[in-house]
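These are the residues of each chain, in order.
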Amino acid sequence: MDLRPYQLEDLEKIKDHYFQGKRRLLGVAATGLGKTKIFSSLYQAIPRKGKMLVIVNREELIEQSKAAIELANPDLKVGIEQAENRHSPDDDVVIASIQTIGGVKQNEAGEPEFNKRIKNLNPDDFHIIVADEAHRALAKSWIQALKFFRVYKSDEKYNDPEKLLLCLTATPNRADNKGLKEICDDIAFVRDIRWGIKNEWLCDIEAYKVNTRVDISDVKINAGDFDNRQLSNKINTPARNTLVAEKYLELATGKKALFFTMDIAHAKDLAEELNCQGVKAEAVYSGMSRTERKAKFTAHKKGEIQALCGANIFLEGYDDPTIEVVCMVRPTKSNVLYTQAIGRGLRPFPAREKLEAMRAAGQEPEWIKPACVVIDFVDVSSRHNLITVPTLFGLNFNLDLKGKKALKTLEEIEEKIEKVPNAKKALLRIDEFDDLGKLSGHIEKIDLLIAAPKTPEEITPLSELPWIKTSKGYEISTPDMNVRIELNAFNGYSVYSGKNGHQKYIASARNLGEAIKVGESKLSDNQYQFSKNSSKWGGTPPTDAQVKLLCKLDRSGVNMFRSREEYADYILRTFSKHQVSNMITEHMSRRG
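Below, the structure is looked at part by part. (Residues numbered from 1 in each chain as written. Predicted model: local features only at pLDDT ≥ 70, side-chain atom pairs only at ≥ 80, totals over all residues. Heavy atoms only, no water.)

## Some thoughts on the overall build of the chain
- Counting secondary structure elements, the chain contains 24 helices and 20 strands.
- A globule of 592 residues ought to have a C-alpha radius of gyration of about 25 Å, and the chain, at 26 Å, matches this closely.
- Oriented by its inertia axes, the alpha-carbon framework of the chain measures out at about 85 × 65 × 60 Å.
- Relative to its full complement of 592 residues, the chain shows a buried share of 54%.
- Residue pairs in contact within the chain that sit at least 24 positions apart in sequence constitute 70% of those at least 6 positions apart.
- Total accessible area on the chain is roughly 27,000 Å²; 47% of this is exposed by carbon and sulfur atoms.
- Charge centroids of the chain, computed over 89 positive and 84 negative side chains, lie 2 Å from each other. (Helix = DSSP H or I, 4+ residues; strand = E, 2+ residues; numbered from the N terminus. Rg over C-alpha atoms; globule rule 2.2 N^0.38 Å. Buried < 20%, exposed > 50% of the residue type's maximum accessible area, 1.4 Å probe, protein only. Contact = heavy atoms within 4.5 Å. Areas by Shrake-Rupley, 256 points an atom, 1.4 Å probe, with all protein chains shown as cover. Lys, Arg positive; Asp, Glu negative; His and termini not counted. Charge placed at Lys NZ, Arg CZ, Asp CG, Glu CD.)

## Topic: the sheet that holds strand S17 (residues 473–478)
- The sheet built from five strands is open, its strands ordered S16-S17-S18-S19-S20 with antiparallel pairing. Two strands in the sheet have a free side with no partner beyond their single neighbour: strand S16 (468–469) and strand S20 (502–509).
- Relative to strand S18 (residues 481–487), S17 runs antiparallel, the two being bridged by six bridges. Paired with Thr478 across the two strands is Met481, which belongs to S18. (Pairing = 2+ DSSP bridges.)

## So, the nonpolar core
- Core analysis: the largest hydrophobic core is formed by 80 residues, its most contacted members being Leu42, Met52, Val54, Ile205, Phe314, Val389 and Leu439.
- With residues near it in sequence (within four places) discarded, Val54 still touches Phe39, Ile69, Val93, Val94, Ile95, Ala96 and Val130.
- Counting residues in hydrophobic clusters, the runner-up holds 32 residues, among them Phe126, Trp142, Val151 and Cys184. (Core = buried A, V, L, I, M, F, W, Y, C linked by side-chain atoms within 4.5 Å.)

## Here we look at the pattern of salt bridges
- Evaluation of the coordinates by the stated rule reveals 27 salt bridges.
- The shortest N-O distance in the salt bridge between Arg23 and Glu162 comes to 3.9 Å. Highlighted residues: Arg23 in the loop between helix H1 (5–19) and strand S1 (24–29) and Glu162 in the loop between helix H7 (140–148) and strand S6 (164–169), separated in sequence by 139 residues.
- A salt bridge links Arg352 to Glu356; its shortest N-O distance comes to 3.0 Å. With Arg352 and Glu356 both in helix H14 (residues 352–360) and four residues apart, this pair spans about one turn of that helix. (Salt bridge = Lys/Arg side-chain N within 4 Å of Asp/Glu carboxyl O.)

## Observations regarding the sheet that holds strand S4 (residues 93–97)
- Taken in spatial order, the seven strands make up an open sheet running S3-S4-S2-S5-S6-S1-S7, and their pairing is parallel. Each edge of the open sheet carries a strand with a single partner, namely strand S3 (78–81) and strand S7 (186–191). Neighbour to neighbour, the strand axes of the sheet diverge by 20° on average, direction disregarded.
- Relative to S6, S1 runs parallel, the two sharing five bridges. When the bridges of S6 are listed, Arg24 appears paired with Leu165.
- Packing against the sheet, H1 makes contact with S1, strand S5 (126–131), S6 and S7, and its axis sits at approximately 175° to S7. (Axes fitted to C-alpha atoms, helices over the stretch in contact; angles between N-to-C directions.)

## Description of the side chain of Gln340
- Looking at where Gln340 falls in the secondary structure, it is placed in helix H13 (residues 335–343).
- A relative accessible area of 2% places Gln340 in the buried class.
- A polar atom in the side chain of Gln340 sits 3.2 Å from the side chain of Glu133.
- If near-sequence neighbours (up to four positions away) are discounted, Gln340 is found in contact with Thr31, Glu133, His135, Thr171, Leu315 and Glu316. (Polar contact = N/O pair within 3.5 Å; in protein donor to acceptor, adjacent residues only side chain to side chain.)

## Description of the pairing of strand S14 (residues 325–328)
- The alternating pattern of S14 places Val325 and Cys327 on one face and Val326 and Met328 on the opposite face, and all of these are buried.
- The pairing of strand S11 (residues 257–260) with S14 spans four bridges and is classified as parallel. Following the sheet pairing, Phe259 is matched in S14 by Cys327.
- Sheet topology places S14 next to strand S15 (residues 372–380); four bridges connect them, and they run parallel. Across the sheet, Met328 pairs through a bridge with Asp376, a residue of S15.

These values are about where atoms sit, not about what they do.
Set out below in structure tokens:
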């Protein structure tokens, strides 16, 4: 099995951590970047003291994992522990379904009661444990399995520090905000969607937003996402399903598509509507027999079926690089679910290495997938922020990219932001705009506002310096250096510093206060004093008369907002009386 250059790098990072005694590792790779190839090569890369176990969540992943491991290691015996399948004692690698070996029972003392199937596996035989789709690994069934194989770091009774636990996921951020620190100590590597698109291992996203008239404001939230039953009752309607089919035909007609629905009934109803409008579509769901489900997947891959509709059935294990369209028919607040869903369409065709090889041989493929079309169906929601393509890049969920390529658009926005002086970057509100033209105008005109940054409320008790809030965390800038703090997969913080856009990782911190101390320790005395002097004056709010006069003087500033009232509200929320006084003085001097 040939590994891509970055996969070789990531395998080396795992080995480096292992030899440093760091054995509870997290690896993050976006869907389509080949997590399976990495763990398939792990058996030969690590000096083992036993066998390797791979724990997966779906039936389709079992066969995929087995095939990949056998391809990478032709001499190994690979067994399966799932349903009617039993592993053999002489297997080198065992792939197990969490539904088969997991359990949730406990005795009166609160200790786990392991089920019969997991007891068929001797924990002493296994030295490497791989948890695939590890964002699920905080579930009780997963925790029990980790305890059984003694790789659960949070309880010494169930933790053998000599063993290696490698948790792999495309999306470490869970909807319920629980970090993976309970099971992992260190992040071995991170390859997100943006990295994959930028390096052409994934294709870019052509993003569309379709507004529906369905109001989901009163739908309850359970475990960080919408209540399934309530949401299904709201969005599985004939009118909305008709809109979905019509917009697909308008924006992506003839292209192979996946439709992510709320539940089985929704999948069936939407497939019926698509067929009524001339689209050959089928619903796929967990209640089908394995044979029937596999037949529909095969027909879809061959192009005999144009569209598949399903709830969570495609999220893990369905790989077809010729998929061109992902329709997010169900709204979600879960970054995990959303990222997995659109990842089904981000594999390029042909793959980058195959395309390069063909062109080196003087050949050109008959068809190159230009991009993945993602259509977000956005319902009315006064209480909830939804996950859409723009939110993956720190923008407003309601922003309509109108078919523009997401990464290219983001880089154009960032290029404009780079031209904004550091002292004015705090005034940028890029996540508040739902119109691309107004967002660009806001960035281009921001230098016309004369003001100092506003320090976030959560920073004020922790620092006297004017940290600003960004889409990823917090940042402080001086003329020759900046320090950045970002939330990481462990619900802690990572600290970076750099110059001229080049960032270097410094350290991790358990909380925001600790992260600020680490970051500020990297500032020289002069840099610290510069930042301190740029802090805003006093906390007295501006007067109504001041705001009214500023609205009259600052026409360019007003034009950056949707109305004069919105601009006035922004000034009241952001600046002190002293600052607004200085802004008025500056505008008056420009006129004079």
